[in-house]
Amino acid sequence: FFDVQKGNRFKINDIVFHGVESVKEGKLRRAMKETKRKAWWRIFKRSKYMTSLYESDKIAMIGKFNNIGLRDAIVKSDTLYKYDDKTINIEITVDEGNTYYFGDFEWYGNTKYRAGQLDTILGIKKGEVFNQGLLDSRLHFSQDGSDITSYYMDRGHLFFQLIPKEKIVTENDTNFIDYDVRISEGKIAYVRDVRVSGNTKTNDHVIY
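Here we look at unusual backbone geometry
For residues that are not glycine, phi is negative in most cases, and the peptide bond is trans in most cases.
Okay, so step 1: Although it is not a glycine, Asn 172 adopts a positive phi angle of roughly 50°.
Okay, so step 2: Take Asn 172: it is sitting in the loop between β5 (161-171) and β6 (174-184).
Okay, so step 3: Positive phi, normally seen in glycine, also occurs at Asp 173, with a value near 65°.
Okay, so step 4: Checked against the element boundaries, Asp 173 lands in the loop between β5 and β6.
Okay, so step 5: You can call Asp 173 exposed: its relative accessible area is 78%.

A closer look at the nonpolar core
Okay, so step 1: Phe 105, Trp 107, Leu 118, Leu 135, Ile 148 and Tyr 179 are the most contacted members of the largest nonpolar core, which has 20 residues in total.
Okay, so step 2: If you list the elements that add at least two residues to this core, you get β4 (100-108), α3 (115-122), α4 (132-139), α5 (148-153) and β6.
Okay, so step 3: Residues contacting Phe 105, with those up to four places away along its chain left out, are Asp 119, Leu 122, Ile 124, Leu 135, Tyr 179 and Val 181.
Okay, so step 4: Judged by nonpolar contacts, the second largest core, of 17 residues, contains Phe 17, Val 20, Leu 28 and Ala 73.

Some details on the packing of aromatic side chains
Okay, so step 1: Taken as a whole, this structure holds nine aromatic pairs when the rule is applied.
Okay, so step 2: With a centroid separation of 5.3 Å and 15° between ring planes, the pair formed by Phe 105 and Tyr 179 is classed as stacked. A residue pair is termed long-range when its members are at least 10 positions apart, and Phe 105 in strand β4 and Tyr 179 in strand β6 qualify at 74 residues. For the pair Phe 105 and Tyr 179, a shared accessibility class is recorded, and that class is buried.
Okay, so step 3: Ring plane angle 65° and centroid distance 4.9 Å describe the contact between Tyr 113 and Tyr 151, whose orientation is recorded as edge-to-face. Taken as a pair, Tyr 113 in the loop between β4 and α3 and Tyr 151 in helix α5 lie far apart in primary sequence, 38 residues in all.
Okay, so step 4: Residue class for Tyr 151 comes out partly exposed when judged on its relative accessible area of 22%.
Okay, so step 5: A cation over a ring is seen here: Arg 71 above Phe 130, with NZ or CZ 5.2 Å from the ring centre.

So, the sheet that holds β6
Hydrogen bonds along the backbone pair up the strands of a sheet, which may run parallel or antiparallel.
Okay, so step 1: The sheet built from three strands is open, its strands ordered β4-β6-β5 with mixed pairing. The sheet is open, and its two edges are formed by β4 and β5, each paired on a single side. Here the average twist between neighbouring strands, direction ignored, is 25°.
Okay, so step 2: Where α3 meets the sheet, it contacts β4 and β6, and its direction lies at approximately 145° from that of β4.

What counts and how
Residues numbered from 1 in each chain as written. Predicted model: local features only at pLDDT ≥ 70, side-chain atom pairs only at ≥ 80, totals over all residues. Heavy atoms only, no water. Helix = DSSP H or I, 4+ residues; strand = E, 2+ residues; numbered from the N terminus. Buried < 20%, exposed > 50% of the residue type's maximum accessible area, 1.4 Å probe, protein only. Core = buried A, V, L, I, M, F, W, Y, C linked by side-chain atoms within 4.5 Å. Contact = heavy atoms within 4.5 Å. Phe/Tyr/Trp six-rings, centres within 6.5 Å; stacked < 30°, edge-to-face > 60°. Lys NZ or Arg CZ within 6 Å of the ring centre and 35° of its normal. Pairing = 2+ DSSP bridges. Axes fitted to C-alpha atoms, helices over the stretch in contact; angles between N-to-C directions.

Here it is in structure tokens:
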């Protein structure tokens, strides 16, 4: 038997940030998809506070700092307190940390394409502000297929894999991130048979 006392349901009156200089607060609030302030124009998005969603939203919010080179950014502290009988305020203090930049990329295990070709496909130059999302999209699956993995797989290397290993190097008080990228090209895969079943509207040769 469970005797449950529901208590009050609280909505969010305001979300306040401290220690933020490099990212606009509006962008941070938009990154928190499930933790929203109470507003008259927000009809379809509820502003109620839920702990589990708030925790995941903090991670998404920190991602905005990571994408502009502030990969050490953390939520230093956060607090919730009652604003009135029905709403709460959330205050978040962020430690932005230091800015990081892309360094050199070294390729290992590549036999089909030269390092210079892979550098061109990657399209990231030393000295650019570090962006984790950009790195992931250039190494793996970008929307337009202009990444290293797609370049190999679209040419038959179905079992292609790459593993980037990072190394932080400081030069003249500037933090660079070098990468050693280990490549396993794998054998080329070929199409053998294509079988069609269930087609009743047309002949097989039309589909082939």
